[in-house]
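The chain contents come next:
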Number of protein chains: 2
Amino acid sequence: MTCEPTRLPTAADVDAAAARLAGIAVRTPLLFSHVLSERMGARVFVKPETLQRTGSFKFRGAYNRMVQIALSARPAGVVACSSGNHAQGVAMAARLLGMPAVIVMPHDAPELKRARTRALGAEVVGYDRASEDRDAIAAAIAQARGAILVPPYDDPQVIAGQGTVGLEIMEDLAAQGLQPDLVATNASGGGLAAGIALAVKSRAPQARVVLCEPAGFDDHAHSFRTGMRERNAAPTGSFCDALLAPMPGRITFEVNRTLVGEAASVSDAEVAHAVAYAFRELKLVVEPGGAVALACLLEGRLGVSGGTVAIVLSGGNVDEATFIRCLRA
Amino acid sequence: MTCEPTRLPTAADVDAAAARLAGIAVRTPLLFSHVLSERMGARVFVKPETLQRTGSFKFRGAYNRMVQIALSARPAGVVACSSGNHAQGVAMAARLLGMPAVIVMPHDAPELKRARTRALGAEVVGYDRASEDRDAIAAAIAQARGAILVPPYDDPQVIAGQGTVGLEIMEDLAAQGLQPDLVATNASGGGLAAGIALAVKSRAPQARVVLCEPAGFDDHAHSFRTGMRERNAAPTGSFCDALLAPMPGRITFEVNRTLVGEAASVSDAEVAHAVAYAFRELKLVVEPGGAVALACLLEGRLGVSGGTVAIVLSGGNVDEATFIRCLRA
C-alpha cells in the first residue's frame, strides 16, 4: 500500500486529468433539453454520465488515479470499496491497464452492479454494512497483496478525474457562447461535486454549484450549516444506493465548503418521479442516485430563475425491478 | 390543398434542409458505443433520434416541409395522417410556425402518442384502420379547410428533412477522420432510409445502407426482390406501432431501390430484446419501432465484419406497459 501526502486538487489537476482521459473515457454530450427549458423558464442542459463507460461518471476518477500508478506497482493491483459504480469504474480501469482489482462491496449492493463488476474481471469481496468496517477489510487486503487503495472520492486525482465532467460542461457551453449560472450535481462523498466546482468556478466564478442529496442522507447540507463534517443519522436505507457515503470526505469537503457551500435535497418519492420523468421526457435511463439533481430541479429546490442551467445525470445502473417501481410510482 | 409536381429529392435537398433545421431541431449526438463495438468486433456508433424534439426523427421532415409553406397559406393549417410519431412532429412544427394542425390518427394508436399530439395543440381525428381510408379522410379535411397535407414519408422535402440524420452521421464521423462502412436504419414508408441514403451515398458511395423492418412488415425486402412496390400481407398487428406503412412509398422506393437495395428483418421477440438491451447497456429509452435496426445488429443480420457502423435509433415514444413488457421478455 502506498501513501501520498494529501493536498487539495486544483483546476489544473482537472485539466491534466482531461488529457489523460482523452480517447479513453467517453466525452458525454451536453444535451439541451427543450422540455426542461420550457418547464423551468431557463436554458436547461443535461450532462448524461449515464452514457459514460460502465454507466456512471466513476470511471473518470478511477482511471485518472490508476493510470498514474507506476508500471512496477501495477502487477500487485488495486483495492477499492464501493457499493457499485466506483466498483465498475475501478474494474474497467484495471482491465484497460492490465491490473488485478479487488472490490470490497456490501452484501446489499444491487445484484446488477455486483455482476457487472465481476464481469469486468474484478474479484468481489463481500461485507456486512452494519457490522463490518469496509475500510479495515480493504486496508488488510491492500497490505497483504501490496495493492494500492483507490478511494471512491477522497483523493485529489479521483476528484480531478470527476472534474472533467465539469470541464466538458464549460467547454461545450463556451462553444455556444454561454456560461452557466447554475450547475447542479448529485453527491455522496462529494468527489464529483468538488471536481465540477474546481472546473466551473475557475472559469465562471459567479456561477452557483449546487450539491444535491437524498433526504436523510444530506450530510453536506448539515455540514455546510455547521462548517464541520457531519455524519448521516442512518448508515443505510436510501433508495439511492449510489449515494450512501456516511459523511463528506475530508478533502472533498475542504473544496466544497469553499466553492459550493449550498445543498438541496429531495425525498425518495421525488427521486422516483425524476427517474420516471427522465424515461418519459428525456428518453434517458437514470438510476435513482443519478436523478437526485434532476429531482431537485423538477421540485423547484434549486432557486432557478432564468439563465443557463446544467444538471448532471451521474449514473444509469438501475435494475429492472427498481426502474419499474419508479415508472409505477 | 396544394399539389406540387413530385420529383426525386437529392443530396443537395438534404443540405438545404440542414440549414433550415439549424437551431430548431436538436442536433442529436453520434455516440460511440464501447459495448456494441466489443460485441460486434467493429467500430459501432448509435444515432439516438430518441433525443430529438418530440422523441423521434419525424420532427425533422415535418418542419422542413412546413417551413416552406408560404406565409399566406399558413393560417389554413396542415393535415397529416399518423399513428403517432409523425403526428407529434407535425404538431410541434405547427406550434413553432403558428399554424393549426389536424392529425388523422387510428383508434389503435398508442395513448401516449395521442395525448402528446393533443398536448402540442393539434386536433386529433380518429379512424378505424381496418374499415376506413385515412387518406380519404385527410384529403376531405384538407379540401374543406384549404389546408396542406404533410405526408409522413412520400414527399421530397419530408425525405430531405429526415436525411439530415444521415448528414449529421457523416459530419460527425468525418470529424473523427472516419467514413461509415454500413449505416442501418429502421423503415416503415422508407422516408428516413431514403433521406439517409442520399446523404450517405453522396459522400461515401461504397458505404452500405441497410433498411431494417419487423418480420411480417418487411415490404421493402419483398419489393427489393421483385423490383416493384409490394404490399404487406397484414395491415396491422406489429409490435412496432411506428412501422406500419402498408408498402414502400412511391418516391421513397425510387430512391431506396437505387441507393439502398438491401433489407434485414427481426421478430417481435428480437425487437423486445433490443429494447431491453438499450435499457441495460446503452442507458437509452427506445421504442420497439426505434430498435429494429439495433435488433438486426444484435442478431447478426447486418453482415457486419469490422469497419465503422452507425445504427439509427429512430424514436423513444414508448409507454410504460410496453417498455416493462420488453424488460421482462
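Residues numbered from 1 in each chain as written. Chains lettered and ligands numbered in written order. Predicted model: local features only at pLDDT ≥ 70, side-chain atom pairs only at ≥ 80, totals over all residues. Heavy atoms only, no water.

Digging into the pattern of salt bridges
Side-chain pairs of opposite charge can arise where the charged atoms are in close proximity. All names here are of chain A. The condition is simple: The term salt bridge refers to a pairing of a side-chain nitrogen on Lys or Arg with a carboxyl oxygen on Asp or Glu at a separation within 4 Å. In this description a helix means any DSSP run of H or I spanning at least four residues, a strand means any run of E spanning at least two, and both kinds are numbered starting from the N terminus. Only protein chains enter the calculation, and the probe is 1.4 Å; a residue is then buried if its accessible area is under 20% of its type maximum, exposed if over 50%, and partly exposed in between.
On inspection of all chains with the given rule, the structure shows 36 salt bridges over all chains. A salt bridge links E49 to R60; the nearest nitrogen and oxygen atoms lie 2.6 Å apart. Placement of E49 in the loop between β2 (43–48) and α3 (58–66) and of R60 in helix α3 is noted, with a sequence separation of 11 residues between them. The pair E49 / R60 is uniform in exposure class, with both members buried. Between E111 and R114 there is a salt bridge; the shortest N-O distance is 3.4 Å. With a gap of three residues between them, E111 and R114 both fall in helix α5 (residues 111–119), about one helical turn apart. A residue is classified by how much of its surface remains accessible, and R114, at 11% relative accessible area, is buried.

A word on the sheet that holds strand β3 (residues 78–81) of chain B
Residue and element names in this part refer to chain B. Put simply, the rule reads: Being paired, for any two strands, means DSSP has found at least two bridges between them.
Across the sheet, which stays open at both edges, the four strands sit in the order β5-β4-β3-β6 with parallel pairing between neighbours. Only two strands of the sheet have a single neighbouring strand rather than two, namely β5 (123–127) and β6 (148–149). Pairing analysis gives two bridges linking β3 to β6, with the strands arranged parallel. Residue V79 lies in a different strand from β6, and its bridge partner there is L149.

A short note on the side chain of T164 of chain A
All names here are of chain A. Heads up, the condition is: In protein, a polar contact requires one atom able to donate a hydrogen and another able to accept it; more generally it is a pair of N or O atoms within 3.5 Å, and residues adjacent in sequence count only if both atoms are side-chain atoms. What makes two residues a contact is simply this: any of their non-hydrogen atoms within 4.5 Å.
Turning to its location among the elements, T164 is positioned in helix α7 (residues 156–174). For T164, a relative accessible area of 1% corresponds to the buried category. Of note is the side chain of T164, whose polar atom sits 2.9 Å from the side chain of R60. Ignoring anything within four residues of it in the chain, the contact list for T164 reads V14, A17, A18, L21 and R60.

Overview of the interface of chain A and chain B
Much of the literature gives interface size as the accessible area that the parts lose upon coming together. Threshold: What gets called buried area is simply the loss in accessible area from a 1.4 Å probe that two parts show on being joined, summed for both. All amino acids are sorted into three groups, where Ala, Val, Leu, Ile, Met, Phe, Trp, Tyr, Cys and Pro are nonpolar, Asp, Glu, Lys and Arg are charged, and the leftover types, Gly among them, are polar.
On the chain B side, the residues contacting the 28 residues of chain A number 28 residues. Between chain A and chain B lies a buried interface of about 2,500 Å² when both sides are counted; carbon and sulfur atoms form 58% of it. The interface formed by chain A and chain B holds six salt bridges in total. For R116 of chain A, the salt bridge goes to E281 of chain B, with nearest N and O atoms at 2.8 Å. Summed over the shared surface of chain A and chain B, the number is 16 residue pairs in polar contact (both at pLDDT 80 or more). Put simply, the parts of the chain that give the side of chain A that touches chain B at least two residues each are α2 (34–40), α11 (268–282) and α13 (320–328) of chain A. Sorting elements by how many residues they give to the side of chain A that touches chain B places α13 of chain A first, with five residues. Each residue belonging to the side of chain A that touches chain B can be placed in one class, and the counts come to 13 nonpolar, five polar and 10 charged.

Looking at the confidence of the model for chain A
The line we're drawing: For every residue, the pLDDT score states the predictor's confidence, bounded by 0 at the bottom and 100 at the top.
Averaged over chain A, the pLDDT score is 94; the fraction of residues at 70 or greater is 98%. As a predicted assembly, this complex carries a pTM of 0.95 together with an ipTM value of 0.95.

Concerning unusual backbone geometry
Trans is the common state for peptide bonds, and a negative phi is the common state for residues other than glycine. If you check the backbone angles, K283 of chain A has positive phi at about 60° while not being a glycine. With respect to the helices, strands and loops of the structure, K283 of chain A is situated in the loop between α11 and α12 (292–298).

A look at the packing of helix α3 (residues 58–66) of chain B against helix α7 (residues 156–174) of chain B
Residue and element names in this part refer to chain B. As a reminder of what qualifies: Axes, fitted as lines to C-alpha atoms, cover a helix only where it is in contact. Angles between the N-to-C directions of the axes lie from 0 to 180 degrees. Angle categories: roughly parallel below 35 degrees, roughly antiparallel above 145, roughly perpendicular from 65 to 115, and oblique for all the rest. Note: crossing handedness is left-handed where the near helix turns anticlockwise from the far helix by less than a right angle, and right-handed where it turns clockwise.
As a packed pair, α3 and α7 sit with axes 7 Å apart at the nearest point and diverge in direction by 135°. For the element pair α3 / α7, the angle class is oblique. Both α3 and α7 take part in a crossing whose hand is right-handed. Between α3 and α7, the contacting residues are K58, R60, G61, N64 and R65 on the first element and Q157, V158, A160, G161, Q162, T164, V165 and E168 on the second. Its residues placed into classes, the contact of α3 with α7 shows three nonpolar, six polar and four charged.

Quick notes on the nonpolar core
Across soluble globular proteins, nonpolar side chains show a tendency to be buried alongside one another. Selection criterion: Here, the term nonpolar core denotes a set of buried Ala, Val, Leu, Ile, Met, Phe, Trp, Tyr and Cys residues that are joined through side-chain atoms within 4.5 Å.
L294 and I311 of chain A together with L294 and I311 of chain B are the most contacted members of the largest nonpolar core, which totals 90 residues. Setting aside chain neighbours within four positions, we find I311 of chain B in contact with V44, F45, V46, K47, A184, A293, L294, L297 and L302 of chain B.

Considerations on helix α6 (residues 134–145) of chain B
Residue and element names in this part refer to chain B. Spelled out, the test is: To estimate the expected span of a helix, count its residues, drop one, and scale the result by 1.5 Å. Within this analysis, the arc is defined by the directions that extend from the helix axis to the C-beta atoms.
Compared with the 16 Å implied by 1.5 Å per residue over 12 residues, the 17 Å span of α6 between its first and last C-alpha is a close match. When α6 is considered as a whole, its buried residues turn out to be I137, A138, I141 and A142. The arc that holds every buried residue of α6, seen down its axis, measures 130°, which confines them to one face. Across from the buried face of α6, at angles greater than 90 degrees, the exposed residues are Q143 and A144. Buried residues belonging to α6 abut β3, β4 (101–106), β5 and β6.

Observations regarding α7 of chain B
Residue and element names in this part refer to chain B. If you check α7, its first and last C-alpha atoms are 26 Å apart, about what 19 residues at 1.5 Å a residue would give, namely 27 Å. The buried fraction of α7 amounts to 16 of the 19 residues, a majority that puts the element mostly inside the structure. At the N-terminal boundary of α7, the capping side chain belongs to D155, with an oxygen 2.8 Å from the backbone nitrogen of Q157.

What to know about the relation of the copies chain A and chain B
The cut-off we apply is this: In superposing the copies, a least-squares fit is computed on C-alpha atoms, taking residues whose pLDDT is at least 70 in both.
At an RMSD of 0.0 Å, chain A and chain B line up after a rotation of 180° and a shift of 0.0 Å along the axis. As the rotation angle and translation indicate, the two copies are arranged about a two-fold axis. The position closest to the rotation axis in chain A is occupied by the C-alpha of L284 of chain A, lying 2.5 Å away. Looking at chain A, 100% of its interface residues are interface residues in chain B too, so the copies touch through the same face.

Some details on the sheet that holds strand β4 (residues 101–106) of chain A
All names here are of chain A. If you walk across this open sheet you meet the four strands as β5-β4-β3-β6, and the pairing is parallel. In this open sheet, the two edge strands, each paired with only one partner strand, are β5 (123–127) and β6 (148–149). Note that strand β3 (residues 78–81) and β4 share four bridges and pair parallel. By the bridge assignment, V78 is partnered in β4 with A101. Its contacts with the sheet place α5 against β4 and β5, and it is angled at close to 170° to β4.

Some remarks on the side chain of N256 of chain B
Secondary-structure assignment places N256 of chain B in helix α10 (residues 250–259). Those residues in contact with N256 of chain B that lie beyond four places of it in its chain are G190, A193, A194, L211, H220, F224 and G261 of chain B.

So, the environment of T226 of chain A
On the secondary structure map, T226 of chain A appears in helix α9 (residues 219–226). Overall, the relative accessible area of 46% leaves T226 of chain A in the partly exposed class.

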